[in-house]
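Notes for the structure review
Residue-level listing of the chains:
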Amino acid sequence: MRRASSRCWAHVRRKFFELHVAAKSTLAEVALAHIGALYGVERAIHDEGLDVKLATARRQQESRPRLLALHAWLLAQRQQVTDGTGTAKAIDYCLKRWLALVRYVDDGRLPMDHNRIENQIRPWALGRKNWLFSGSLAAGARAADIMSLIQTSKMNGIEPLAYLTDVLTRLPTHPYSRIEELLPTRWQPDGAALQ
């Protein structure tokens, strides 16, 4: 049996936001208020620095009832909306993904949306067409390797230029059998061997 993956509330919110901007829809405004309340819970969890266990408990206590109310409201509204309209599409988008959208409530490790990761990959997505002309397949593969090292450095709180400068300086004399020590996930700036 395949487990449902977490879906992104930011995408659901965007559908209702666009509907509200385009048609001044009061239904979209209510949906945005519901979603905003869910994000309010997430802000409180973040601001309080709750660990996974406490974040899960807070979500179950505060977000779950809000989600149940939103789901019931969406189902009721869908009964009154004509098929094929923008409102129907926004509601259907949410309802079709509902099980995956609510999965985050049961696991404090899961984010409510994918905004953080999407922001991290945005530079690569924007440059994708430019990099089609990297010269050769091998050059493209090298560029992808460098970009992966840079992004992994950032994700591990390492300044990429400092990391690359240090690694490229040490690489010629570093034993090949210990090359994994130079990966961003294990790198030590002073060159001390990892235990």
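Residues numbered from 1 in each chain as written. Predicted model: local features only at pLDDT ≥ 70, side-chain atom pairs only at ≥ 80, totals over all residues. Heavy atoms only, no water.

**A closer look at the overall build of the chain**
If you tally the helices and strands in the chain, you get 8 helices and 0 strands. The linear arrangement of helices and strands in the chain, starting from the amino end, is α-α-α-α-α-α-α-α. Computed over the C-alpha atoms, the radius of gyration of the chain is 23 Å, more than 25% above the 16 Å expected from 2.2 N^0.38 for a compact globule of 195 residues. A total of 195 residues make up the chain; the buried ones form 34% of that total. A fraction of 58% describes how many contacts in the chain between residues 6 or more apart in sequence connect residues 24 or more apart. As displayed, the chain has an accessible area near 12800 Å², and 58% of this comes from carbon and sulfur atoms. Where the 28 positive side-chain charges of the chain centre and where its 19 negative ones centre are 6 Å apart. (Helix = DSSP H or I, 4+ residues; strand = E, 2+ residues; numbered from the N terminus. Rg over C-alpha atoms; globule rule 2.2 N^0.38 Å. Buried < 20%, exposed > 50% of the residue type's maximum accessible area, 1.4 Å probe, protein only. Contact = heavy atoms within 4.5 Å. Areas by Shrake-Rupley, 256 points an atom, 1.4 Å probe, with all protein chains shown as cover. Lys, Arg positive; Asp, Glu negative; His and termini not counted. Charge placed at Lys NZ, Arg CZ, Asp CG, Glu CD.)

**Quick word on the confidence of the model for the chain**
Averaged over every residue, the pLDDT of the chain is 87; the share at 70 or more is 90%. Scored below 50 in pLDDT, residues 1-6 makes 10 contacts in the model with residues more than four places away or belonging to other chains. (pLDDT = per-residue confidence, 0-100.)

**Some points on helix H2 (residues 26-48)**
Between the first and last C-alpha of H2 there are 33 Å, a value that for 23 residues agrees with the 33 Å anticipated at 1.5 Å per step. Turning to H2, its buried residues number three or more, namely Leu27, Ala28, Ala31, Leu32, Ile35, Leu38, Tyr39, Val41, Glu42 and Ile45. Where H2 is buried, its residues meet helix H1 (9-23), helix H3 (52-80) and helix H4 (86-96). (Expected span 1.5 Å × (residues − 1).)

**Overview of the side chain of Thr87**
Within the element layout of this structure, Thr87 appears in helix H4. What makes Thr87 buried here is its relative accessible area of 16%. Apart from residues lying up to four places away in sequence, Thr87 is in contact with Leu19, Leu27 and Val81.

**Points about the side chain of Arg58**
Following the sequence through the fold, Arg58 ends up in helix H3. In this structure, Arg58 is in contact with Val41, Ala44, Ile45, Glu48, Leu50 and Ser63, ignoring residues within four places of it in sequence.

**Brief notes about the packing of helix H7 (residues 137-155) against helix H8 (residues 160-170)**
With their axes 9 Å apart at the nearest point, H7 and H8 run at an angle of 120 degrees to one another. Taken together, H7 and H8 sit at an angle that is classed as oblique. Crossing angle aside, the handedness with which H7 passes H8 is right-handed. Facing Leu149, Ile150, Ser153 and Lys154 of H7, the residues of H8 in contact are Pro160, Tyr163 and Leu164. Tallied by class, residues from the contact of H7 with H8 come to 5 nonpolar, 1 polar and 1 charged. (Axes fitted to C-alpha atoms, helices over the stretch in contact; angles between N-to-C directions. Parallel < 35°, antiparallel > 145°, perpendicular 65-115°, else oblique. Left-handed = near helix turned anticlockwise from the far one by under 90°. Nonpolar A, V, L, I, M, F, W, Y, C, P; charged D, E, K, R; others polar.)

**Quick word on the packing of aromatic side chains**
This model, assessed by the stated rule, comprises 2 aromatic pairs. Relative to Trp98, the ring of Trp9 has its centre 5.8 Å away and its plane inclined at 85 degrees; by these criteria the two rings are edge-to-face. With Trp9 in helix H1 and Trp98 in helix H5 (residues 98-101), this residue pair connects regions lying 89 residues apart in the sequence. For Trp9, a relative accessible area of 0% gives the class buried. Trp98 gets classed as buried once you look at its relative accessible area, which sits at 10%. Ring centres of Tyr163 and Trp187 lie 5.3 Å apart, and the angle between their planes is 90 degrees; this geometry places the pair in the edge-to-face category. One end of the pair, Tyr163, is in helix H8; the other, Trp187, is in the segment after H8, with 24 residues separating them in the sequence. (Phe/Tyr/Trp six-rings, centres within 6.5 Å; stacked < 30°, edge-to-face > 60°.)

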